[in-house]
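These are the residues of each chain, in order.
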Amino acid sequence: MKFFIDTANLNDIREAAELGILDGVTTNPSLMAKEGISGQSNIEKHYKAICEIVPGDVSAEVIATDFKGMVEEGKRLAELADNIVVKVPMIKEGVKAISHFTEIGIPTNCTLVFSAAQAILAAKAGATYVSPFIGRIDDTNWDGMKLIKHIAEIYAIQGYETEILAASIRSSRQISDAARNGADVVTCPLSSIMGMFNHPLTDIGLEKFLADYRKLNG
Ligand code: E4P
């Protein structure tokens, strides 16, 4: 399973990249706004900076909601760096745009996916990634992990090549659950990645090993 970090914060991206386990980055307009990045040229500069840190796929989201606008914006984003993946919302015009990007060889991430039916449309359009939003589904009292499982089953039966990118992850536990349910990729904040290290027995065990070593070696 691939690991993406879900942020536009350059320090967090660097810290995750230094672990040597980072495969890519996802951003969205809210995450860019959180970093105070505004204006076309600053936004583009910021995407370039992210792409310089991480050689893997970096999702950059279009703002346009019509086919023509999405295509123009997506092409411009794709020109920023070789590892840009154009992120397109799961709407009618979005599916049309993804089909077009597929035809011309631009990789895409179909975002804001909340049902297996939407995931089928994304795969039919040839999306490189489909992003079901686990946490937001759980917030509405549905089961986000079950959606990952259903999409994985459908894609396996139908032979779709689109990769399932579990998004809107809020805990370390959800990362292993997504892996178990068939996600190809998870994207999550740095805090969830760091939470994966935690186990009290590791800390207790290490303390004992070091104490025993110090007993004889000073
Ligand atoms: C994924 O690509 C999205 O940017 C992200 O995971 C959304 O997460 P949120 O529900 O925490 O905003």
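Residues numbered from 1 in each chain as written. Predicted model: local features only at pLDDT ≥ 70, side-chain atom pairs only at ≥ 80, totals over all residues. Heavy atoms only, no water.

**Q** How do you make sense of the pairing of strand β1 (residues 2–6) when you look at a structure like this?
**A** As a general feature of sheets, a regular strand has side chains that alternate between the two faces. The element β1 is largely enclosed, with a buried count of 4 among its 5 residues. For β1 and strand β2 (residues 24–26), the ladder comprises 3 bridges, and the chain directions are parallel. Looking across to β2, one finds that D6 is bridged to T26. This β-α-β element, β1 to helix α1 (residues 10–18) to β2, shows right-handed connectivity. (Buried < 20%, exposed > 50% of the residue type's maximum accessible area, 1.4 Å probe, protein only. Helix = DSSP H or I, 4+ residues; strand = E, 2+ residues; numbered from the N terminus. Pairing = 2+ DSSP bridges. Right-handed = clockwise from strand over helix to strand, strands pointing away.)

**Q** Where do I start with the pattern of salt bridges in this structure?
**A** Side chains bearing opposite charge may pair, as long as their charged atoms lie close to each other. All chains considered together, the criterion is met by 11 salt bridges. Two residues, R170 and D139, come together in a salt bridge whose shortest N-O distance is 2.6 Å. Linking R170 in the loop between β7 (163–166) and α9 (172–180) with D139 in helix α7 (residues 134–139), this pair joins segments that are 31 residues apart in sequence. Residue classification places R170 among the partly exposed positions, given a relative accessible area of 47%. Under the relative-accessibility criterion, D139 is labelled exposed at 56%. Two residues, D212 and K208, come together in a salt bridge whose shortest N-O distance is 2.8 Å. Taken together, the residues D212 and K208, both in helix α11 (residues 200–217) and 4 residues apart, mark about one turn of the helix. A single salt-bridge network, built from bridges that share partners, covers R173, D177 and R180. (Salt bridge = Lys/Arg side-chain N within 4 Å of Asp/Glu carboxyl O.)

**Q** When you look at the pairing of strand β5 (residues 108–113) in this model, what are you seeing that I'm missing?
**A** Within β5, 5 of the 6 residues are buried, which leaves the element mostly enclosed by the surrounding structure. Where strand β4 (residues 84–89) lies against β5, 4 bridges are found, and the strand directions are parallel. Among the inter-strand pairings, V86 is bridged to a residue of β5, identified as T108. In terms of handedness, the path from β4 via helix α5 (residues 92–103) over to β5 forms a crossover that is right-handed.

**Q** Would you mind showing me how to read the environment of A152 here?
**A** Locating A152 in the fold gives a position in helix α8 (residues 144–158). A relative accessible area of 18% places A152 in the buried class. In this structure A152 touches I164, N181 and G182, once residues within four positions along its chain are discounted. (Contact = heavy atoms within 4.5 Å.)

**Q** When you look at the packing of helix α4 (residues 67–78) against α5 in this model, what are you seeing that I'm missing?
**A** In a pair of packed helices, the angle between the axes and the distance between the axes together describe the arrangement. The contact between α4 and α5 brings their axes to 9 Å, and the two run at 45°. With respect to α5, the axis of α4 lies oblique. As for the relative orientation of α4 and α5, their crossing is right-handed in sense. Of α5, the residues touching α4 (which contributes F67, M70, V71, G74 and K75) are E93, G94, K96, A97, H100 and F101. Split by residue class, the contact of α4 with α5 holds 5 nonpolar, 3 polar and 3 charged. (Axes fitted to C-alpha atoms, helices over the stretch in contact; angles between N-to-C directions. Parallel < 35°, antiparallel > 145°, perpendicular 65-115°, else oblique. Left-handed = near helix turned anticlockwise from the far one by under 90°. Nonpolar A, V, L, I, M, F, W, Y, C, P; charged D, E, K, R; others polar.)

**Q** Help me out: how do you make sense of the side chain of T26 in this one?
**A** With respect to the helices, strands and loops of the structure, T26 is situated in strand β2. One polar contact links T26 to T187, side chain to side chain, over a distance of 2.5 Å. In this view, T26 contacts F4, I5, D6, T7, L31, S59, K87, N109, L165 and T187; residues no more than four positions away in its chain are not counted. (Polar contact = N/O pair within 3.5 Å; in protein donor to acceptor, adjacent residues only side chain to side chain.)

**Q** Would you take a moment to explain α9 for this structure?
**A** The α-helix winds at 3.6 residues per turn, so residues separated by three or four positions along the chain end up facing the same way. Those residues of α9 not exposed but buried are Q174, I175, D177 and A178. Just downstream of α9 lies G182, where phi reads positive at about 105°.

**Q** In this structure, what is going on with the nonpolar core? I would like to understand it.
**A** As a rule of thumb, soluble globular proteins bury nonpolar side chains together. Residues I5, I84 and A166 are the most contacted members of the largest nonpolar core, which totals 58 residues. Among the elements that take part in this core, α8 stands out by supplying 6 residues, more than any other. Leaving out residues up to four positions away in the same chain, A166 has contacts with P132, I134, I148, A178, A183, V185, V186 and T187. Core analysis: the next-biggest nonpolar cluster, separate from the first, contains 7 residues, F4, V85, F133 and A167 among them. (Core = buried A, V, L, I, M, F, W, Y, C linked by side-chain atoms within 4.5 Å.)

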